[in-house]
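Below are the chains, spelled out letter by letter.
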Amino acid sequence: MNLEEARKLFDRYIKSDQIKMHCREVEVIIRALAKELGEDEEKWAMAGLLHDMDCEVEPDIKNQGKKVVEILKEKTDCPEEICHAILAHNEENLGIKRKSKFDFALSAADNISGLIYAYGLMKHTLEGMEAKGLKKKLKDKRFAASVRRELIYDIEKTGMELDKFLELAIKAMQEIAGEIVL
Ligand SMILES: [Fe+2]
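Summary of the structure given here.

Scoring rules and cut-offs
Residues numbered from 1 in each chain as written. Predicted model: local features only at pLDDT ≥ 70, side-chain atom pairs only at ≥ 80, totals over all residues. Heavy atoms only, no water. Salt bridge = Lys/Arg side-chain N within 4 Å of Asp/Glu carboxyl O. Buried < 20%, exposed > 50% of the residue type's maximum accessible area, 1.4 Å probe, protein only. Phe/Tyr/Trp six-rings, centres within 6.5 Å; stacked < 30°, edge-to-face > 60°. Helix = DSSP H or I, 4+ residues; strand = E, 2+ residues; numbered from the N terminus. Lys NZ or Arg CZ within 6 Å of the ring centre and 35° of its normal.

1. Description of the pattern of salt bridges
Evaluation of the coordinates by the stated rule reveals 17 salt bridges. For Glu-92, the salt bridge identified is with Arg-98, shortest N-O distance 3.0 Å. By relative accessible area, which is 41% here, Glu-92 ends up partly exposed. Connected through shared salt-bridge partners, Glu-91, Glu-92, Arg-98, Arg-148 and Glu-150 make up one network.

Below is the structure:
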């Protein structure tokens, strides 16, 4: 499977613009992370793009991730690490533990995208957003309360410092600002 095939599959299963935007954000954040950590950018980007691919066909959060992997295994030669990272991003419901840098990166990217989006909504723009301001929002648990802070802090398990991650994630989303509707 390559990114082009992944995108075709994704477009077949996801119709909501909001979900498309979220997955695209996670894709660019995790790709930037892979680049910085010297990991496989395309592989990580595919996991970012595909991680929520079943949320329209499987509305029950308790099962999300499983259906993505079923689809991937049936239709592609998707690497096992991508399947594992996608299952482990729903560790709390599926019991599949995050263990690799890739697993932690996906869950951190998933959650930081939500925090940046919420902060962007508040500011009405992503332009000029800085890591310092974002960090304050990260510490303020009442702000965007559904964002799983602990999974963002887990970025340090990949060997990357939190501040660097916040900076990199903001920049990645700013680069696709034209696709993000606030
Ligand atoms: Fe997600």
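2. Considering the packing of aromatic side chains
To describe a pair of aromatic rings, you give the distance between the ring centres and the angle between the ring planes. Counted under the stated rule, the structure contains two aromatic pairs. Ring plane angle 5 degrees and centroid distance 5.1 Å describe the contact between Trp-44 and Phe-102, whose orientation is recorded as stacked. Here the residue Trp-44 occupies a position in helix H3 (residues 41–50), and Phe-102 occupies one in helix H7 (residues 101–123), the gap between them amounting to 58 residues. For the residue pair Trp-44 and Phe-102, the accessibility class agrees, reading buried in each case. Centre to centre, the rings of Tyr-119 and Phe-143 are 6.5 Å apart; their planes meet at 85 degrees, and the pair counts as edge-to-face. With Tyr-119 in helix H7 and Phe-143 in the loop between helix H8 (131–139) and helix H9 (149–153), the pair connects residues that are 24 residues apart, well separated along the chain. Like Phe-143, Tyr-119 is buried. Against the face of Phe-143 rests Lys-137, its NZ or CZ located 4.9 Å from the ring centre.

Everything listed here is a matter of coordinates, which is why it stays silent on function.
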